[in-house]
Amino acid sequence: MKTVGSKFLDPDLLAKLPNLEVVARKLVRGAFVGYHKSPDFGYSVEFVDHREYAPGDDLRSVDWRVWARKDKYYVKRFEMESQLKATIILDSSKSMDFGDGRMTKLAYGSFMAATISYLLIHQNDMAGLVNFDSKVRTYIPPRGSRQHLRLILHALAGIKPGGSTNVSAVCHHLADTIKTRGMIILISDMLDDPQSMLTALRHFQHMKHDVIVFHVLDDSELDLPYNELANFLELETGSRLALDPAGFRSVYTSRVAAFCGELREGLLKTNIDYNLVRTSQPIETTISNFFSFRARRTR
Amino acid sequence: MNFLAVGFLFGLAAVAVPVLIHLIHRQRYPDRRFTTLRFFDKTVKHNVIQRKLIDRILLALRVLALIALMLGLARPFFQTTGSGGIGERRRSVAIVLDNSPSMGRMRDGKTLFDRAKTAATAVLDALQSNTGESAQADAGDARDRVELILTAGASTPLYTSDKEALKRELAVRTGQRLALLAEEKPGAAGTAETTGAEWSRPEFDADSARLLAAIDRAPAGLALALVPLEPSEPRLHYSIGQIRAQLENARVSAVPGDVRTSVAKAARVLRESHDGERRIVVLSDLQKSKWQGEKFEGLEGLSVTLGAIDPPAEAGANLAIENVTPAAREVVLGQSVMCTATIRNYGNRPSETAALSIVVGDRAQAAKIEIPPLAASTSMLVSFPISAMTRERNLLCSAILKSSTDTFDYDNSWHFQIGVRPPVTTLCVNGAPGAALSDRETFFVMNALAPRPASDSATAGQGENLVDVRDCDANDLKNQQLFQYSVIVLCGITTLEPDAREKLHRFVSDGGGLVIFPGSKAVLDDYNAWGFLPAKLLERKTGNFAYVTSLADDAPAVAGVKQRIGGGLNALSTNTWIALEPDTQPGTRVLASLSAPSFPALVQGRVGKGTVILSAVGSHVSDSDWPLRPAFVILTRTLVKYLGNPAVALALEPNRIVGEGASALVPSELATGTPALFRLIQKEKGVGYVSLPWNRTDGASIAAASVILPRATETGHFLLSVQPGAAEGLIREPGLGARMAPVSVNHGDRESTQGSMPMADAAALFSGAKVSAKHLTDADGESGIAIADELTTGRELWRILLCAALVFLLLETVVAARSRSETAN
């Protein structure tokens, strides 16, 4: 039987991510042993167990003896790994309730949040959820239990879009609230002031969090594919503007590109991962690509 | 401003289409939800305004293109006069073509009428070339319209085997009573062998569907003609080709022209038009006799082009036969009648010696009389005898004047007819065989019936003589072939043998006439036993003086006798007579009464088809004084004449003037017959017949007591024939048993008078109209082209408008393409 929030867990999607590990680029501190390096010393770094080889694993860690016996690749675990506390911050402002494709940005973000939560919890990490618009609407601290996953999924199912986006204020607030170092996964359309957003995200950085930004945008926002004159209605403010999108497309796309570029530059300077995500892009691809990329960077 | 093709103006409604699309498109501007407007700024508004501006420019171009297209197709024009008008004018032209006989005059080897036709053709060419119209087309309303009006009526029907052309003409004449005739010319497509019974009978109907079906049923190649049975109202035609065909078939008519009526018709039809150019083109020789009179009325707002076809430069002599008058309308076969012809020179110069040919019946050799030169505007009488040497009932004669210098031969012939009375063959039966000449009972009757000189007072004024009177004895009667005789007169017969009695009875029953003078020796009982006498012979009265006191005035048998005898009636006295008692059979009547109370002198009775007249008095002086009286001669001749000529021709005036109609009384016994009209033509051997269309009120045969003849359009001899019974096919020639009435048609004198009216005077007659008058002096139609040039069309605005529409469409395409290009970028 499906739970309330299970609508964001697509079995097909999950099936495509069987061996995906969420790897924190930095060592995080955890109460339980996870798959992540602990920054704490004193734990044994000897061999612990084997794990099935996954693409991206260092070949030096492959246990060739096991391979010789079982003809399967296993890697040896030598180090103590701590649990990762990941907090997924999902933007649920009105602007996220937009999508010309098969789903809105909010739905896309919800799928992403659910999937990431599932992956984290199923590899014994902890996942939490923050839902915000102009302020924090829902805060679920990171936990590692399966019940907690259902709680997250239930929360995701109950999210109603509303309010305006205020990423910077929320981020400052959360940076002060989340004391334990961990992973901050921001899923938002980032329709806020870039500099204030960068400042707020640096606040996370300052608090030693590993920050990942998923800038979720619809294709229509990026390409402005409309040709007909229309009265464009801003979702968050309700203001209107008569627009000939065909004649303005080039200017618009350049401006959006500049905006995204500014974000990217600013975030990369502070070593924050920035990932521009189109809602037309398959979620598994997005997640797989990104975390594979992070795993490579970690090693 | 007006339009040649108003219908295209409805196309302006199409302008609403782009406007509606524009409005609908504008209304469909969506309220598009979007995440943020932060990336938009004021330049966006400017862009929207530009886009709306482009949309409106495109809309305006589309609307303008449509308006220009529709206006161009509607062919606008401004109703201004002269050639400075803007736009094209649709033209309504009524060509009044004078086809009166005077137009048949020659000038430089070409008739005036041919010159007029050339000019009219040039006008039609101008209409056609300016409109680009197909001559065969008959639809649409964007073209000029034209009507051809002949001043002297229609010419002979146009036969054609083109069924489509007939159907088009039928469509034009919907509602008009028409006759569909099949060609009967020998050797033509529709000969008697190919036409068949169904197609040799004309179809008379106003039902166009029935005529249409008849045209479809017609064998291929059969030449047909649609002949209007009543005058058609003029109307403007789009099909110039049809008018051209009418023009080509127009001929000089024998009917005098009526310019006034024709111009009135043209004005009437043009007043119903709203075209920019409404013009009457009158082509005439302006002969005085037709043009003099009051001014034409009802021409306000119309234009008139008067094309004067000038007559020959030097009009010479114009000899004409005014009339020919026979001294008697009817003569006995073999007798002569004096005829008097009036020859007049209408010209303004003396004539030269001419020849007057007299054609009598079908005689090949005509008598010729030399006509001396006549001074201008003088006349002379020419007398000539005509001998009635023909077995025909009517002697058809023509007087033809031939002159090498005559300029106008239309009036050079005169057709007339003389009735010919066939001889009444009479047999007088003598009741006293072996008697000497004067003692013969038939002596005085033979004497009365013998030919008389014209000076004889007893027969003066009758203009007739009974010939072929024979006699025989009573005992020889049974050996006689009685069918040779028309009348038998029994004189002093005592008794008749049964064979002779039966023979006489059969003779009378078959239509013969019998006159009986019993005489003093008659055996009354024998007479009463004959069985076919109209009265019973009661007793012989001797010594009782009696005389004729009265005649039945209304009895045809003694018609006119009383007037001619006068007081001599009482001179018919006698002492010996027979008391008669008329029977009560129908048809029995007393023709004359004796002074003795209640005793008749003459009794008439019907026996079968024949008539018997019984006298109470004998025919010899031994019986009475009657034979000694001149009145006896008159009475006897009248009785025999009556019995010998029972047939009465159809009552029809023998002579008519061309253009007149006529009606003929039909005898009751032919009330179900079929009428037919023929024109008699002179052939190498004898007379031929050309069947002509005729008119009748209803049904397939005569229902009324008269037959209406169409008005004569040709001069010559015609023959109205009433065939007994209903004919299955077209009557190709007068048939056996038909009752015929010949009629001769001659010209009037209006067309004979020469001299044209001054053109300025003629032009002044067109009051209220804008008149331009031209002399058409050339022979190659250039003058006609000059007339056609007056049919100005103005500038062809429709071309400009169509070009503008094209430009607008091109601009729209360019702007739209550029807009789309910007959109794609």
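Residues numbered from 1 in each chain as written. Chains lettered and ligands numbered in written order. Predicted model: local features only at pLDDT ≥ 70, side-chain atom pairs only at ≥ 80, totals over all residues.

Asks: Outline the overall build of chain A, listing residues and values.
Replies: Each helix and strand in chain A was counted, giving nine helices and 12 strands. Within chain A, the proportion of its 299 residues that are buried is 40%. The long-range share in chain A, meaning contacts at least 24 apart out of those at least 6 apart in sequence, stands at 77%. (Helix = DSSP H or I, 4+ residues; strand = E, 2+ residues; numbered from the N terminus. Buried ≥ 20, exposed ≤ 12 C-beta atoms within 10 Å, placed from the backbone. Contact = placed C-beta atoms within 7 Å.)

Asks: An account of the overall build of chain B is requested, with residue identities and associated values reported.
Replies: The helix and strand tally for chain B stands at 17 helices and 37 strands. When each of the 825 residues of chain B is scored for burial, the buried share is 42%. Sequence-distant contacts, at least 24 apart, represent 78% of the contacts inside chain B between residues at least 6 apart.

Asks: Please give an account of the environment of Ser-95 of chain A that cites residues and values.
Replies: All names here are of chain A. Structurally, Ser-95 can be placed in the loop between strand S5 (85–91) and helix H3 (105–122). Here Ser-95 falls in the buried class, since 27 other C-beta atoms lie within 10 Å of it. Taking the C-alpha atoms as reference points, Ser-95 and Pro-161, separated by 66 residues in sequence, lie 8.1 Å from one another.

Asks: Break down unusual backbone geometry for me, citing the residues and quoting the values.
Replies: Of note, Asn-271 of chain A is a non-glycine position whose phi angle comes to about 60°, a positive value. Take Asn-271 of chain A: it is sitting in the loop between helix H8 (245–269) and strand S12 (273–278). Even without being a glycine, Leu-286 of chain B presents a positive backbone phi close to 55°. Among the residues examined, Leu-286 of chain B registers 26 C-beta atoms within 10 Å and is labelled buried.

Asks: Pulling in residues and values, what's your account of the sheet that holds strand S37 (residues 770–776) of chain B?
Replies: Residue and element names in this part refer to chain B. Ordered in space as S7-S4-S11-S12-S37, the five strands form an open sheet in which the pairing is parallel. The outermost strands of the open sheet, each flanked by one partner alone, are strand S7 (145–150) and S37. The sheet shows a mean angle of 15° between the axes of neighbouring strands, taken without regard to direction. Pairing of strand S4 (residues 91–97) with strand S11 (residues 277–284) involves seven bridges; the strand directions are parallel. Bridge pairing in S11 links Val-93 to Arg-279. (Pairing = 2+ DSSP bridges. Axes fitted to C-alpha atoms, helices over the stretch in contact; angles between N-to-C directions.)

Asks: Got a sec to walk through the interface of chain B and chain A? Specific residues and values, please.
Replies: Note on interface size: it is often stated as the accessible area lost on association of the parts. In this complex, chain B contributes 21 residues to the contact, which on the side of chain A involves 27 residues. Elements with a minimum of two residues in the side of chain B that touches chain A: strand S2 (31–34), helix H2 (42–74) and helix H17 (797–824) of chain B. Per-element tally for the side of chain B that touches chain A: the top contributor is H2 of chain B, with six residues. Note that strand S10 (residues 230–234) of chain A and S2 of chain B share four bridges and pair parallel. In the sheet register, Asn-231 of chain A faces S2 of chain B, and the bridge partner there is Asp-31 of chain B.

Asks: Kindly report on the pairing of strand S28 (residues 600–607) of chain B, identifying the contributing residues and their values.
Replies: Residue and element names in this part refer to chain B. When you tally the buried positions in S28, you get seven out of eight residues, the bulk of the element. In this antiparallel pair of consecutive strands, strand S27 (residues 589–594) and S28, the connection spans five residues, and Ser-598 shows a positive phi of 65°. Examined bridge by bridge, S28 and strand S29 (residues 610–615) share six bridges and lie antiparallel to one another. Each residue of the ladder has a partner; that of Val-603, found in S29, is Leu-614. Adjacent in sequence and paired antiparallel, S28 and S29 are bridged by two residues, among which Gly-608 carries a positive phi angle near 60°.

Asks: So, the packing of H3 of chain A against helix H4 (residues 146–157) of chain A: which residues are in play, and what are the values?
Replies: Geometry of a packed helix pair, given as the angle between the helix axes and the separation of the axes. Residue and element names in this part refer to chain A. Close contact between H3 and H4 brings their axes to 10 Å; oriented N to C, the two are set at 175°. In terms of their interaxial angle, H3 and H4 are classed as roughly antiparallel. The residues of H4 that touch H3, namely those facing Ser-110, Ala-113, Ala-114, Ser-117, Tyr-118 and Ile-121, are Arg-146, His-148, Leu-149, Ile-152, Leu-153 and Leu-156. Its residues placed into classes, the contact of H3 with H4 shows eight nonpolar, three polar and one charged. (Parallel < 35°, antiparallel > 145°, perpendicular 65-115°, else oblique. Nonpolar A, V, L, I, M, F, W, Y, C, P; charged D, E, K, R; others polar.)

Asks: Please provide a residue-by-residue account of the packing of helix H6 (residues 194–206) of chain A against H8 of chain A, values included.
Replies: Residues and elements named next belong to chain A. One way to put it is that H6 packs onto H8 with a least axis distance of 10 Å and a crossing angle of 25°. Here H6 is positioned roughly parallel relative to H8, judged by the angle of their axes. Where H6 crosses over H8, the two elements pack in a sense that is right-handed. Along its contact with H6, which presents Pro-194, Leu-198 and Leu-201, the element H8 presents Phe-259, Glu-262, Leu-263, Gly-266 and Leu-267. For the contact of H6 with H8, the class distribution of residues is six nonpolar, one polar and one charged. (Left-handed = near helix turned anticlockwise from the far one by under 90°.)

Asks: Give me the nonpolar core: which residues, what numbers.
Replies: Membership of the largest hydrophobic core comes to 69 residues, with the highest contact counts inside it found for Val-429, Ile-488, Val-489, Val-515 and Leu-591 of chain B. Looking at this core element by element, the count peaks at nine residues for helix H14 (residues 630–644) of chain B. Among residues more than four places away in sequence, those in contact with Val-515 of chain B are Val-487, Val-489, Ile-613, Leu-639, Val-640 and Leu-643 of chain B. Among the nonpolar cores identified, the runner-up in size contains 68 residues, and Phe-214, Ala-230 and Ile-283 of chain A together with Phe-39 of chain B belong to it. (Core = buried A, V, L, I, M, F, W, Y, C linked by C-beta atoms within 7 Å.)

Asks: Account for helix H11 (residues 498–509) of chain B, naming residues and giving values.
Replies: Residue and element names in this part refer to chain B. In a regular helix each residue adds 1.5 Å, so 12 residues correspond to 16 Å; H11 covers 16 Å between its end C-alpha atoms and thus fits that length. Looking at H11, one finds that the buried residues are Ala-500, Leu-504, Phe-507 and Val-508. Take H11 and look down its axis: the buried residues cluster within an arc of 95°, on one side only. In H11, the exposed positions that point more than 90 degrees away from the buried face belong to Pro-498 and Asp-499. Residues of H11 that are buried make contact with strand S23 (487–491), strand S24 (513–517), S28 and S29. Among the residues trailing H11, Gly-511 stands out with phi positive, at a value near 120°. (Expected span 1.5 Å × (residues − 1). Arc of directions from axis to C-beta.)

Asks: Could you give an account of the sheet that holds strand S19 (residues 394–402) of chain B, with specific residues and numbers?
Replies: Hydrogen bonds along the backbone pair up the strands of a sheet, which may run parallel or antiparallel. Residues and elements named next belong to chain B. If you trace the five strands from one edge of the open sheet to the other, you get S14-S20-S19-S16-S17, paired in mixed fashion. Two strands bound the open sheet, and with one partner strand each, they are strand S14 (330–332) and strand S17 (367–371). Here the strands of the sheet are splayed against their neighbours by 30° on average, with no regard to which way each runs. Judged from the seven bridges that link them, S19 and strand S20 (residues 413–421) form a sheet pairing that is antiparallel. Along S20, the bridge assignment pairs Leu-396 with Gln-417.

Asks: Kindly report on the confidence of the model for chain A, identifying the contributing residues and their values.
Replies: All names here are of chain A. Confidence in the prediction for chain A averages 79 pLDDT; 80% of positions are at 70 or higher. Of all the helices and strands in chain A, strand S1 (residues 33–37) carries the lowest mean pLDDT, 50, while strand S6 (residues 126–132) carries the highest, 92. In the model, residues 1–5 has pLDDT below 50 throughout and makes 13 contacts with residues more than four positions away in sequence or in other chains. Counting interchain partners and residues more than four positions distant, the pLDDT-below-50 stretch residues 23–34 has 51 contacts. (pLDDT = per-residue confidence, 0-100.)

Asks: Any details on H4 of chain A? Residues and values, ideally.
Replies: Residues and elements named next belong to chain A. End to end, H4 covers 17 Å across 12 residues, agreeing with the expected 16 Å (1.5 Å per residue, within 8%). All buried positions along H4 are accounted for by Leu-149, Ile-152, Leu-153, Ala-155 and Leu-156. Each buried residue of H4 sits inside an arc of 160° when the element is viewed along its axis, so together they form one side. Among the structural elements, H3, S6 and strand S7 (136–143) are those in contact with the buried residues of H4.

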